[in-house]
Each structure stands twice: as C-alpha cells, then as structure tokens.
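Chain by chain, the residues:
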Amino acid sequence: MTFHSSHIRRAIPVLIAGILLAAPAAAQTDPLPSWNDGANKQAIIAFVEAVTEEGGPDYVAPGDRIATFDNDGTLWPSHPIYTQLAFAIDRLKAMAPEHPEWKSTEPFKFALENDMEALAKGGEKGGMKIIAATHAGMSTADFEKIVTDWYKTAKHPRFDRPYTDLAYQPMLDLMDYLRANDFKTFIVSGGGIEFMRPMTEAVYGIPTEQVVGSSIKTRFEKVDGKPVLMRLPEVAFDDNEGGKPVGINAHIGKRPIAAFGNTDGDSQMLEWTAAGDGKRLMMLVFHDDAEREYTYGPANGEPDTHFGAFTQALMDKATRRGWNVISMKNDWATIFPPVK
C-alpha cells in the first residue's frame, strides 16, 4: 500500500488524540498547580471529587456547595499589621491636623509616631479605636472611593508590591478549582465589609454580595436633597469568633461544607461547618515560612503575635478534630503570584 502525504496529515491528529486519551488524567491537568504534592493537596482533591460524584454516597447538590474563607492571613498577609489597619493609619495621618489631641492620646499617638511595636501591644482593641475614628463621618459612597483610591497606590512595606497583588496563589488556585466544580465561594472575615468589597472581585473572583464582614452602623439621610447612607462611629456587627457563624447564617443562609481560616478567631466557623451532615473539609493556614512570607504562632513554638495568632490550643483542637493544617512552607510551591 502506498502512503500519500494526505494520508499522513489525516493520521497525525488521530495519533495525537490517542496519545492524549492514553495519558493519565493527572498528567494532563493539575487542579492545584501551586500546591506541593502531599496529604493536604490530596485531601482537597478527594473532598471535591467525593461531593461532586453524582450518585456517590457523599454527593452534594451544586446549590449547597458553599465554601467560606477568612481573609487576613488566609487569603493575603496579615503581617506586619492587618491591611485595614495600615489603611486606617494612613487615614489617621491625613486627618491628624484636624485632631491635635491625637498627638497625646493612645493608641493614636503610636500610629502618628510610627511606633508599630507599641501599637501592636494594643492588639485588635487599639486597632479598632483607630478604625472607628477614621472610617466614619462620611457616606458609604465616599468611603468606597477613598478605599478604592488607597488600593491603587498603597504598597506592602516588606514586599513593595500593591496589597492587591499579594493574594496567596495557592488559595487563588483553590478557589478557582472549587468554582470550576460548582462551589460558591464566600469571604467571611473579621475585616470591614466595606473595606474588602472594593477589591474582592478583582483579586479573588468573589463578588461583593458574597462578602461577609464586620460593619459599622449606617444611617439614611438626605444631603442636598439626595439620599445617602452615612457611616457612624459605632460597631454594628463584629464578624469574628462566634460572630462568624452568625454572619454566615444571616448573610448566606446555608451552612458551609468547606471552611478555611488561620487563627483562633476562625475556630467557630470551622466548628459550625464541621457540625453539619455529610462530608466536610476544614483547613487552617499555618504561617511557618519566614523566608517567603512570615513565621508566627505561638503554636509549635513559633513566635507569638498580636495580629492573627494561631495558638497551641487551636493546633491541638485541629489535631483532635481532624482538621487539616496547611504548612505554608511545605504545602505551597509558591506564595504570591508573579510580579505583573
């Protein structure tokens, strides 16, 4: 039999298709390319495969595939201070000429003097005072513009990159993988809901209506005949610790089947998730990579911290309850996306 060039051209696609079909599925596509192979990566894949297998014992209908993520320390850095506190300090300095009393009042004077060590000792309580002073007295629209403009120019002090460029690549891959399997991903964070919303869709692919966070009180008013919502210096809802399950119930209306956090403040969200029926996935990010990011605990003897502590009690609880603890150093092949 004589082979003509036309026969060869027709045969090549068939041969290629045969090779691709014969190749192992894992070799074709890695759903979590920035994760190192290991127990945690396999746990995620096994969980997703189990709950999406129609007819399987662990199948979950798409409408009930809810995954919740803490933000600070889970999706992007919370060190050396929380991103929202960095924003609040910048606002404080801009507003300081109108408030001379801040120069001698704690914790404001620490922020104005750039005394981060003293500010850190005040912990979240001191941070909340600064946030309350700098986030109120304006409309929600004005606040959104201020936050949006800040995100365009503010950079992380260590990495010298915009905060919005420092989302953890492994978590971005994870959220993409979940959404590709008909999960709905939500942020459930102790951070301010209106501080997060201007960036969540662009950074994480999570729209504003899927963000649950802490909030301050607002009041409907008329300004120059136009309706506005004015922000007041009072906390309306604290979406941390026990507040997280409350916020999930009020905002989402369904119990998650997967939850991801990194501190003791996320423990209740993981407990709430685990208490549901069927297969569940609870994971905590442990910061143990000083070279590529930060190392802190105080779990496992790592340094203590005033921002985003992961205590030994939480580590022990995770071990007892079978929650997965992600080692940033061992589980993540890379930390941040490539520089744009």
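Provided above is the structure to which this section pertains.
Computed from a predicted structure; not experimentally measured.

Looking only at helices and strands, one finds 14 helices and 7 strands in the protein chain. By principal-axis analysis of the C-alpha atoms, the protein chain measures approximately 95 × 50 × 40 Å. The proportion of buried residues among the 340 residues of the protein chain is 48%. Surface accessibility of the protein chain: about 16700 Å² in total, with carbon and sulfur atoms responsible for 54%. Counting 35 positive and 46 negative side-chain charges, the protein chain places the centres of these two groups 4 Å from one another.

Sheet analysis places strand β6 (residues 281–286) next to strand β7 (residues 324–327), joined by 4 bridges and oriented parallel. Bridge pairing links M283 to N324 in β7. Once the chain exits β6 it traverses helix α13 (residues 312–321) before rejoining the sheet at β7, and the crossover so formed is right-handed.

Before going further, it helps to spend a moment on unusual backbone geometry. P107 follows E106 through a cis peptide bond whose omega is 0 degrees. As for its placement among the helices and strands, P107 is situated in the loop between α4 (83–95) and α5 (108–112). Residue G297 is joined to P298 through a cis peptide bond whose omega torsion reads 15 degrees. Backbone geometry places D182, a non-glycine residue, at a positive phi of 65 degrees. Mapped onto the fold, D182 is located in the loop between α9 (169–180) and β2 (184–192). Phi is positive for N300, which is not a glycine, with a value near 55 degrees. On the secondary structure map, N300 appears in the loop between β6 and α13.

Here we take up the pattern of salt bridges. Tallied over the entire structure, the rule returns 15 salt bridges. With its nearest N and O atoms 3.9 Å apart, the salt bridge here joins D182 to R65. Remark: R65 occurs in the loop between α3 (39–52) and β1 (66–69) and D182 occurs in the loop between α9 and β2; sequence separation between them is 117 residues. Since its relative accessible area comes to 47%, D182 is described here as partly exposed. Across the pair D289 and R292 runs a salt bridge whose closest N-O atoms are separated by 2.7 Å. Classification of D289 as buried rests on a relative accessible area of 6%. The structure contains a network of salt bridges with shared partners spanning D30, D37 and K41.

Rules and cut-offs
- Residues numbered from 1 in each chain as written.
- Predicted model: local features only at pLDDT ≥ 70, side-chain atom pairs only at ≥ 80, totals over all residues.
- Heavy atoms only, no water.
- Helix = DSSP H or I, 4+ residues; strand = E, 2+ residues; numbered from the N terminus.
- Buried < 20%, exposed > 50% of the residue type's maximum accessible area, 1.4 Å probe, protein only.
- Areas by Shrake-Rupley, 256 points an atom, 1.4 Å probe, with all protein chains shown as cover.
- Lys, Arg positive; Asp, Glu negative; His and termini not counted.
- Charge placed at Lys NZ, Arg CZ, Asp CG, Glu CD.
- Pairing = 2+ DSSP bridges.
- Right-handed = clockwise from strand over helix to strand, strands pointing away.
- Salt bridge = Lys/Arg side-chain N within 4 Å of Asp/Glu carboxyl O.

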